[in-house]
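# Analysis of the macromolecular model
Next come the chains, spelled out residue by residue.
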Amino acid sequence: MRIIREFTKGFTTELTPFRLVLGLCPTLAVTTQADNGLGMGLATTFVLVCSNVLVSLLRHIIPQKVRIACFIVMIATFVVAVELLMQAFFYPLYQRLGIFVPLIVVNCIILGRAEAFASKNPVMYSAVDGLGIGLGFTLSLTVLGGIRELLGTGALFGHPLLGASFEPFGFMIKAPGAFVTLGILLFLMNLLTSLGRKRAH
Amino acid sequence: MNEITKMVLVTTVICVFAAALLAGLKQGLSARIARQEDYYVRGPVIQELLKGSPNDPLADKVIIELDGEEVGVYPWIEEGKVRRIALERHGKGGYGGDVVVMTAVDLETDRIYGVRVTQHKETPGVGSRAADPVYLKRYQKLPINQEIRLTRDGGQVDALSGATRSSTAIADGVNRAAQFVLKHEEEIVKRILEKKM
Amino acid sequence: MEYLVLVISAVLVQNILLAQYLGNCPFLGVSKQMETALGMSGAVIFVITLASVITWMIYWWVLIPLHLEYLQTIAFILVIASLVQFIEIFMKKTMEPLYRALGIFLPLITTNCAVLGVALLCIKNDYSFGEMLVFSISSSVGYALALILFAGLRERFAISRIPEPLQGTAIGLVTAGLMSLAFLGFTGMT
């Protein structure tokens, strides 16, 4: 079934930001807490699905030469819509994510999917592709945020887990922690892949 | 159809749709967004300043348009009378720009009831000390019928040493609020009670 | 004095790359060689400064009077995208050598979130025109500084033995983390 494959690839071969190293800025910046990562991921997924559907719908209408400009306008529109919805319904999250909400516009994942997938495929597949990639991104961000929050503050989703005797590593929730955690996760994933490949041989 | 015409047409149509969608969304959500902002940005300050009010000052907020500006006023209503109000004004002359000051005024005595800083960009550890509630206590009970200024400008409030510019901006914010209340007290009370009815 | 604090803070303490995480994709992408890093740095300084000036004017002189502040994201990204296109055409016609040096980096810059990020930060922090100018120049200089230092480190990777799963982006990120830790040492200077 192609449709299932288009969905699951977002979690396996095209898992952002681990497999495709795209969209690093929000990944690094907002993952100080698991729920920030979750919120950012879902906001990005919303924009990604909407823009994929629209780009796919209009793929025969938009002239080749101005396509990037048109894509940017559509993506930016959805981003502003997300900004407004977030202010209206999730204000504290909006405050925490700060300028990274408008910066969804320049998240290379979204323009990348519009250009590489949605502009060449039917609506149904494009929607599923957006959903898969978006949820994969959400998952990565939540996991990364969870690790940093747990080690950096001893809590997960704001609930203290590790007890009072745990001394938090302040390093983890600061900027360097973001780079190092992502680097180590990437290393572990490469390690697992290469081990798997060796076993297959 | 000519290629260039098509390009221009498609781009224009997309832009028009985008603008229409966003304008509609903004229109529909702006009231809710303003409420959320009030609740999360000013809510904590209002709760501190008007602690003990029998009504909910955030819910009873009125927006008063006078002299070409919009001012949100948060009332303390007790036994059908407006006893205290809090309002936000920008104080000019801070080190990092405007200092946004929330001032509560007691309408029965016409004196300042309390002052808090809602937003500032003063230098952390230097100017920011002027936003400390302990320092801001100096404003309490000052009568609003005279200009509120720092002692160095011939007024009644001492500046915090080392944070003169931040103190000046706060005094300016409080003074603007006091002058506004002094000038429009009747109108403000009338509007609040009208909304409450 | 105020401007000096702003410069130190933007270049070192609040470095947009290492402390504010803006513009990381090209950071990891073009930092493999010193030469490309230098080219990218030049293009970034130029575009960030110009884009911040123009978006600042649009925000204060067009969007505010028309009460359209909520459209800032869409307006800014369109301005930046067309600005980059325009610079590319202009450079090609008039400054051939410069175009040859920086040209290929220009299209990459549209999706460099540092450009939009700095423009948005100037608005968010309510900067005056002078502050905006100083902030955008020093932020982009900070970006260039981090990029060039990092490229210097990365050139060494070619001659060091790195375990296979760590090669490429993974070791790049860990190195960036250590650099960011070094920059964290500037905290409290301003």
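In what follows, the accompanying structure is described.

Rules used throughout
- Residues numbered from 1 in each chain as written.
- Chains lettered and ligands numbered in written order.
- Predicted model: local features only at pLDDT ≥ 70, side-chain atom pairs only at ≥ 80, totals over all residues.
- Heavy atoms only, no water.
- Helix = DSSP H or I, 4+ residues; strand = E, 2+ residues; numbered from the N terminus.
- Buried < 20%, exposed > 50% of the residue type's maximum accessible area, 1.4 Å probe, protein only.
- Contact = heavy atoms within 4.5 Å.
- Phe/Tyr/Trp six-rings, centres within 6.5 Å; stacked < 30°, edge-to-face > 60°.
- Lys NZ or Arg CZ within 6 Å of the ring centre and 35° of its normal.
- Pairing = 2+ DSSP bridges.
- Axes fitted to C-alpha atoms, helices over the stretch in contact; angles between N-to-C directions.
- Buried area = accessible area lost by both parts, 1.4 Å probe.
- Polar contact = N/O pair within 3.5 Å; in protein donor to acceptor, adjacent residues only side chain to side chain.
- 1 Å grid on protein atoms, 1.4 Å probe; cavity = no way out; pocket = protein on both sides within 12 Å on 5 of 7 lines; lining within 4 Å.
- Points joined across faces, edges and corners; volume = space filled by probe spheres on them.
- Nonpolar A, V, L, I, M, F, W, Y, C, P; charged D, E, K, R; others polar.
- Patch = residues over 30% accessible without salt bridge, like charges linked within 9 Å, V, L, I, M, F, W, Y side chains within 5 Å.
- Areas by Shrake-Rupley, 256 points an atom, 1.4 Å probe, with all protein chains shown as cover.
- Salt bridge = Lys/Arg side-chain N within 4 Å of Asp/Glu carboxyl O.
- Parallel < 35°, antiparallel > 145°, perpendicular 65-115°, else oblique.
- Left-handed = near helix turned anticlockwise from the far one by under 90°.
- Core = buried A, V, L, I, M, F, W, Y, C linked by side-chain atoms within 4.5 Å.

## A word on the overall build of chain C
When you go through chain C residue by residue, the secondary structure sums to 9 helices and 0 strands. Helices and strands in chain C line up, N terminus first, as α-α-α-α-α-α-α-α-α. Referenced to the eigenvectors of the C-alpha coordinate spread, the extents of chain C come out at roughly 60 × 45 × 30 Å. Counting over 190 residues, chain C shows a buried share of 52%. For chain C, restricting intrachain contacts to residue pairs at least 6 apart in sequence, the fraction spanning at least 24 positions comes to 78%.

## Side note on the packing of aromatic side chains
Tallying each qualifying case throughout the model produces 15 aromatic pairs over all chains. Seen from their ring centres, C:Trp56 and C:Trp61 are 6.2 Å apart, and the 75° between their planes marks the pair as edge-to-face. Accessibility expressed as a relative area gives 58% for C:Trp61, which makes it exposed. Taken together through their ring pairs, the aromatic side chains of C:Trp56, C:Tyr59, C:Trp60, C:Trp61, C:Phe76 and C:Phe129 make up a single cluster. The aromatic ring of B:Trp76 is capped on one face by B:Arg84, whose charged end is 4.4 Å from the ring centroid. Lying over the aromatic face of B:Phe180, B:Arg89 brings its terminal NZ or CZ to 5.6 Å of the ring centre.

## Re the sheet that holds strand E2 (residues 69–78) of chain B
All names here are of chain B. Spatially, 5 strands are ordered E1-E2-E3-E4-E5 in an open sheet, and the strand pairing comes out antiparallel. Edge positions in the sheet fall to strand E1 (62–66) and strand E5 (111–119), since each has one partner strand and no second. Between one strand and the next, the sheet's axes are offset by a mean angle of 30°, whatever the strand orientation. As paired elements, E1 and E2 share 5 bridges and run antiparallel to each other. Within the sheet, the bridge partner assigned to Ile 63 lies in E2 and is Gly 72. In the packing of helix H1 (residues 3–49) onto the sheet, the strands contacted are E2, strand E3 (81–94), strand E4 (97–106) and E5, and the crossing angle to E5 comes to about 150°. Across the face of the sheet, helix H3 (residues 164–196) comes into contact with E1, E2, E3, E4 and E5 while running at roughly 145° to E3.

## Structural notes on the interface of chain B and chain A
Taken together, the 19 residues of chain B in the interface contact 22 residues of chain A. For the pairing of chain B and chain A, the buried interface totals around 1,800 Å² over both sides, and the portion due to carbon and sulfur atoms is 79%. The interface formed by chain B and chain A includes 2 residue pairs in polar contact (both at pLDDT 80 or more).

## Quick word on empty space enclosed by the protein
Where empty space is left becomes clear once a probe the size of a water molecule has been rolled over the atoms. All told, the structure shown has 3 cavities of 30 Å³ or more when counted by the stated rule. Lining the largest cavity are 17 residues, and of these A:Cys25, A:Pro26, A:Val106, A:Asn107 and C:Cys113 lie nearest its centre. Contributing elements (two or more residues each) for the lining of the largest cavity: helix H2 (24–29) of chain A together with helix H2 (24–29) of chain C. Top element by residues in the lining of the largest cavity is H2(C). It accounts for 3 residues. For the lining of the largest cavity, the class distribution of residues is 11 nonpolar, 6 polar and no charged.

## Let's talk about the side chain of B:Ser167
Residue and element names in this part refer to chain B. Mapped onto the elements, Ser 167 comes out in helix H3. Its relative accessible area of 0% is what places Ser 167 among the buried residues. Within the local environment of Ser 167, its side chain forms a polar contact with the backbone nitrogen of Leu 160, the two atoms lying 3.1 Å apart. When sequence neighbours within four positions are dropped, the list of residues in contact with Ser 167 reads Ala 130, Tyr 135, Tyr 139, Leu 150, Ala 159 and Leu 160.

## Side note on a nonpolar patch on the surface
On the surface, A:Phe169, A:Phe171, C:Leu178, C:Leu181 and C:Leu184 cluster together into a nonpolar patch covering about 420 Å² of accessible area. With 3 residues, the single largest contributor to the nonpolar patch is helix H9 (residues 169–184) of chain C. On the secondary structure map, A:Phe171 appears in helix H8 (residues 170–173). Judged by relative accessible area, which is 31%, A:Phe171 ranks as partly exposed.

## What to know about the environment of A:Leu144
Residue and element names in this part refer to chain A. In this structure, Leu 144 sits in helix H7 (residues 123–153). Residue classification places Leu 144 among the buried residues on the basis of a relative accessible area of 1%. With 113 residues separating them in the primary sequence, Leu 144 and Thr 31 have C-alpha atoms 6.3 Å apart.

## Concerning the pairing of E1(B)
Along any regular strand the residues' side chains alternate between the sheet's two faces. Burial along E1(B) is one-sided: B:Val62, B:Ile64 and B:Leu66 are buried, while B:Ile63 and B:Glu65, pointing the other way, are not. Hairpin connection of E1(B) to E2(B): 2 residues between the antiparallel strands, including B:Asp67 at a positive phi of 50°.

## Some thoughts on the interface of chain A and chain C
Taken together, the contact pairs 37 residues of chain A with 35 residues of chain C. Summed over both sides, the interface between chain A and chain C buries roughly 3,100 Å², with carbon and sulfur atoms accounting for 84% of that surface. Of all residues in chain A, A:Ile99, A:Val106 and A:Phe179 bury the most surface against chain C, accounting for 21% of the area lost on that side. Linking chain A to chain C there are 0 salt bridges. Where chain A packs against chain C, one counts 2 residue pairs in polar contact (both at pLDDT 80 or more). Listing elements by their share of the side of chain A that touches chain C, those giving two or more residues are H2, helix H4 (67–89), helix H6 (108–118) and helix H9 (175–200) of chain A. No other element matches the 12 residues that H9(A) contributes to the side of chain A that touches chain C.

## Quick word on the packing of helix H1 (residues 2–13) of chain C against helix H8 (residues 129–157) of chain C
Residue and element names in this part refer to chain C. Here H1 crosses H8 at 30°, and the two axes come no closer than 7 Å. With respect to H8, the element H1 is oriented roughly parallel. Note that H1 runs across H8; the crossing there is right-handed. Each of Tyr 3, Leu 6, Val 7, Ala 10, Val 11 and Leu 12 in H1 lies in contact with H8, whose residues at this interface are Gly 130, Glu 131, Val 134, Phe 135, Ser 138, Ser 139, Gly 142 and Leu 145. Within the contact of H1 with H8, the residues separate by chemical class into 9 nonpolar, 4 polar and 1 charged.

## Let's talk about the nonpolar core
The biggest cluster of nonpolar side chains holds 127 residues, and the ones touching the most others in it are A:Leu103, C:Phe27, C:Phe76, C:Ile109 and C:Leu116. Excluding residues that lie within four positions of it along the chain, C:Phe76 makes contacts with C:Thr55, C:Tyr59, C:Leu63, C:Leu116, C:Ala119, C:Leu120 and C:Ile123. Within the second largest apolar cluster, 38 residues are counted, among which are B:Val82, B:Ile85, B:Val101 and B:Ile192.

## Some remarks on the pattern of salt bridges
All names here are of chain B. Under the counting rule described, the total for this entry stands at 17 salt bridges over all chains. For Asp 106, the salt bridge goes to Arg 84, with nearest N and O atoms at 3.1 Å. Within this pair, whereas Asp 106 is found in strand E4, its partner Arg 84 is found in strand E3, the two being separated by 22 residues in sequence. A relative accessible area of 8% means that Asp 106 is categorised as buried. Relative accessible area serves as the criterion here: at 10%, Arg 84 is assigned to the buried category. When the shortest N-O distance is used, the salt bridge between Lys 92 and Asp 98 registers 3.1 Å. Using a relative accessible area of 29% as the deciding quantity, one classes Asp 98 as partly exposed.

Everything listed here is a matter of coordinates, which is why it stays silent on function.
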